[in-house]
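Fold and geometry: a report
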Amino acid sequence: MAVFKDYNVSRHYETKHAEKYKNLTDAERARTSEALLAKLQKQQGFFTKLHTSRDAATKTSFVISHKIAKNSKPFSEGEFVKECLVNSAALICPEKKAAFEQVPLSRRTVTRRIEEIAGNLELQLQHEVASFAFFSLALDESCDVRDTAQLLLFVRGITPDFKITEELAAIWSMKGTTTGSDLFTEVNECMDTLGLKWDRLAGVTTAGCPNLTGKNVGLLKRMQDKVTEIDADQKLVCLHCIIHQHVLCKSVLKIDHVIDVVTNIVNFIRARALNHRQFVALLEEHETEHRDIGYHTAIRWLSLGKVLKRVWDLKAEIQEFCEKKGKDFPELSDEDWMADLAFAVDVTALMNELNTKLQGKGLFVHEMHSLVKAFMTKMQFLSSQLESNTLTHMQTLKEVTPSADHLRRYSSMLGALHGEFSRRFKDLRKIEDEMQLVSSPFTCSVDNAPSDVQLELIDLQSDAVLAEHFKSASLLDFYSSLKEENFPNMRRHAQKMLVLFGSTYILWVVAPSHGEPQGTVAVSPAGEQIHFRSPELGPDLLHHLRVKHPLAWQGAAPRYEVSSPVLQSRDMEGSQR
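Residues numbered from 1 in each chain as written. Predicted model: local features only at pLDDT ≥ 70, side-chain atom pairs only at ≥ 80, totals over all residues. Heavy atoms only, no water.

**Let's talk about the overall build of the chain**
For the chain, the count of helices and strands is 28 helices and 7 strands. Accessible surface, the chain as shown: approximately 30,100 Å² in total, 52% of it carbon and sulfur. (Helix = DSSP H or I, 4+ residues; strand = E, 2+ residues; numbered from the N terminus. Areas by Shrake-Rupley, 256 points an atom, 1.4 Å probe, with all protein chains shown as cover.)

Take a look at the structure:
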């Protein structure tokens, strides 16, 4: 052990310094000691300031790299950001310019920082997964513009205390075949990597592709077989995305003759730059509410209703413009077609309203099911109103005063729409009793409840205190407050229902074109994909700097939190420029 002892210190002083300081008085000795100590502290402070400056530069590099990734910017943007910082510092605080010049933001450095943050997020997700009581998966497979199959997988887990975590589990580019067997191999590998247990899988939600839903060799069949091997009594809840099915129901309306003409009108105006400019000038001249007209794009499900509404609102200006250009659209003068357009405007507006509600953040599957049931009830109600020639809730159709024959036809179309909704959402009806048990435990029937929760449900419904708590608390807080020893099966059942994905909407938010991911995958200069998690986990820079960059850890600030989803960029410069 290297220990300073009184003898060693005394010998050193007598050997090296006694002659120099032996004639000093006690006061002079004290002043000399203070001067020597101050000199030593000054020397040490020089290195401390140097380390502090370098540490701040390292931490700044991580923060900016994370911002670059989150906003889907090319990795080379780091150099541009640094140039802006240095130039700004030269104007605002010239004495700090050297500190900004020390921030490492080269393309390679930004790549390393993002890779390290991505690794940190994966470790956080693995830590979260270990505490899941149950989890569910949302996945979809589609081809990008380069015909490369992209498989996205999201996981939603719930802990014993009813904390829900929803994160991107993986995204794969599949170069070969995409059979159910291929997809199952990738999903199984992802679950092994993250530590997800098959016996805790509650459900899977897909967009309904055949290789996912095939009853013999599809992915869902293979996943159910895997679960059955582990626990013969465990059943997966397999759902088709509610939003996707809602859009597919639109096909029964038979309004193609309206959509085709509207598409031709829009294309005539927008296809040629001269026509577009002249039409916009006409709208400005008439001082209309709308100053342009947009395209209808099939993949953008809300666009049809918006385009139909815009054409209806601008029908007079469109007809005037077409007459000036010598383009004849006889449908604009056809009362029957205009009545069909008005009906289509009203119906698509209602469907867009439902679609927007279903896209709400944090919705549970029973809440989405309630929205769908409400829409179906509206269709029945409006159908009966049209039969009785009541147009109170069909404001656009009211403007054209349709004939009785038209009203009967529109009523039958709404009835067909209701029937299509009923047919497509039969998978939700299978778990309707279970959903009602979770969403309305004090009003649901004990006879319809699963046998393992019936006695607990009676106890719950008889407890006035819990009944009052249910009225004021959220579902998660309410079920979390139930004592495990009194309501173990009720808690378990609630966890399995609340963890289900009602739709795959989160996949479209992350990668709306399935292959042009917005902020989920980065491509390093070497061409390697780097995966980021989203939207809840933020990079724990405090822990990461302590482990990976010990110098930057000294005096580090508290954990760097983010208020928006953590999304990583793809390197657009490397892949497209």
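**A short note on the pattern of salt bridges**
Applying the stated criterion across every chain, the model contains 13 salt bridges. The closest approach of N and O atoms between Glu166 and Arg156, which form a salt bridge, is 2.7 Å. Here Arg156 lies in strand 2 (residues 149-158) and Glu166 lies in strand 3 (residues 164-174), a separation of 10 residues in the sequence. Neither residue differs from the other here; Glu166 and Arg156 are each classed as buried. When the shortest N-O distance is used, the salt bridge between Glu420 and Arg423 registers 2.7 Å. Of this pair, Glu420 and Arg423 both sit in helix 18 (residues 404-424), 3 residues apart, roughly one helical turn. The buried category is assigned to Glu420, whose relative accessible area is 11%. Residue Arg423 is classed as partly exposed on the basis of its relative accessible area of 46%. Each of Glu420, Arg423 and Arg424 takes part in a single network of salt bridges with overlapping partners. (Salt bridge = Lys/Arg side-chain N within 4 Å of Asp/Glu carboxyl O. Buried < 20%, exposed > 50% of the residue type's maximum accessible area, 1.4 Å probe, protein only.)

**Notes on the packing of aromatic side chains**
Within this structure, the stated rule accounts for 12 aromatic pairs. Taking 5.4 Å as the distance between ring centres and 75° as the angle between the ring planes, the aromatic pair formed by Phe279 and Phe321 counts as edge-to-face. Highlighted residues: Phe279 in helix 12 (residues 273-286) and Phe321 in helix 14 (residues 315-325), separated in sequence by 42 residues. Take Phe279 and Phe321: they sit in the same class, and that class is buried. (Phe/Tyr/Trp six-rings, centres within 6.5 Å; stacked < 30°, edge-to-face > 60°.)

**Focus on unusual backbone geometry**
Although it is not a glycine, Phe162 adopts a positive phi angle of roughly 65°. Here Phe162 shows up in the loop between strand 2 and strand 3. Its relative accessible area of 4% is what places Phe162 among the buried residues. If you check the backbone angles, Asn389 has positive phi at about 60° while not being a glycine. With respect to the helices and strands, Asn389 occurs in the loop between helix 16 (365-387) and helix 17 (395-398). For Asn389, a relative accessible area of 52% puts it in the exposed group.

**Things to note about the sheet that holds strand 5 (residues 237-240)**
Taken in spatial order, the 5 strands make up an open sheet running 3-2-1-4-5, and their pairing is mixed. At either end of the open sheet lies a strand with only one pairing partner, and these are strand 3 and strand 5. Between one strand axis and the next, the sheet turns by 20° as a mean value, whatever way the strands run. Here 4 bridges tie strand 1 (residues 134-143) to strand 4 (residues 201-206), and the two strands are oriented parallel to one another. Considered in strand 4, the bridge of Phe135 is made with Leu201. Across the face of the sheet, helix 7 (residues 180-194) comes into contact with strand 1, strand 2 and strand 3 while running at roughly 135° to strand 3. (Pairing = 2+ DSSP bridges. Axes fitted to C-alpha atoms, helices over the stretch in contact; angles between N-to-C directions. Contact = heavy atoms within 4.5 Å.)

**A look at the packing of helix 21 (residues 454-461) against helix 24 (residues 488-498)**
Packing of helix 21 against helix 24 leaves a shortest axis separation of 8 Å and a crossing angle of 100°. The orientation of helix 21 with respect to helix 24, classified from their angle, is roughly perpendicular. Each of Glu456, Leu457 and Leu460 in helix 21 lies in contact with helix 24, whose residues at this interface are Pro488, Asn489 and Met490. The class makeup of the residues in the contact of helix 21 with helix 24 is 4 nonpolar, 1 polar and 1 charged. (Parallel < 35°, antiparallel > 145°, perpendicular 65-115°, else oblique. Nonpolar A, V, L, I, M, F, W, Y, C, P; charged D, E, K, R; others polar.)

**Observations concerning the nonpolar core**
Counting residues in hydrophobic clusters, the biggest one holds 93 residues, and the most contacted among them are Ile318, Leu417, Phe421 and Tyr479. Per-element tally for this core: the top contributor is helix 15 (residues 335-358), with 12 residues. Beyond its immediate chain neighbours, meaning those up to four positions away, Tyr479 contacts Phe162, Leu437, Val438, Pro441, Met490, Arg491, Ala494 and Leu498. The next biggest cluster of nonpolar side chains, apart from the first, holds 31 residues, and it includes Phe135, Leu139, Leu194 and Leu220. (Core = buried A, V, L, I, M, F, W, Y, C linked by side-chain atoms within 4.5 Å.)

**Brief notes about the pairing of strand 1**
Counted residue by residue, strand 1 has 8 buried out of 10 residues, so it is predominantly covered. Linking two consecutive strands that pair antiparallel, namely strand 1 and strand 2, is a turn of 5 residues; a positive phi of about 60° is found at Asp147 within it.

**Considerations on the side chain of Ser61**
Mapping Ser61 onto the fold places it in helix 3 (residues 26-70). Classification of Ser61 by relative accessible area gives buried; the value is 0%. Excluding residues within four positions of it along the chain, Ser61 makes contact with Val103, Pro104, Leu105, Thr109 and Arg113.

**Overview of the pairing of strand 3**
Of all the 11 residues making up strand 3, 10 are buried; the element is thus mostly covered by neighbouring parts of the structure. Two elements, strand 2 and strand 3, share 10 bridges in a ladder whose sense is antiparallel. Looking across to strand 3, one finds that Ile158 is bridged to Ile164. Between the end of strand 2 and the start of strand 3, which pair antiparallel, lie 5 residues, with Phe162 showing a positive phi angle near 65°.

**Overview of the environment of Leu85**
Mapped onto the fold, Leu85 is located in helix 4 (residues 77-92). When the C-alpha atoms of Leu85 and Lys97 are compared, they prove to be 8.5 Å apart, with 12 residues separating the residues in sequence. Leaving out residues up to four positions away in the same chain, Leu85 has contacts with Ile64 and Phe100.

**What about the environment of Thr165?**
You can see Thr165 is positioned in strand 3. A relative accessible area of 4% places Thr165 in the buried class. Sequence spacing of Thr165 and Phe135 is 30 residues, and the spatial spacing of their C-alpha atoms is 9.2 Å.

**Considerations on the packing of helix 11 (residues 256-270) against helix 13 (residues 303-313)**
One can describe the packing of helix 11 onto helix 13 by two numbers: an axis separation of 11 Å at closest approach and a directional angle of 70°. It follows that helix 11 is roughly perpendicular to helix 13 by the angle criterion. Like other packed secondary-structure pairs, helix 11 and helix 13 cross with a definite hand, here left-handed. Here Val258, Ile259, Val262 and Val266 of helix 11 come into contact with helix 13, specifically with Leu304, Val307, Leu308 and Val311. The class makeup of the residues in the contact of helix 11 with helix 13 is 8 nonpolar, no polar and no charged. (Left-handed = near helix turned anticlockwise from the far one by under 90°.)

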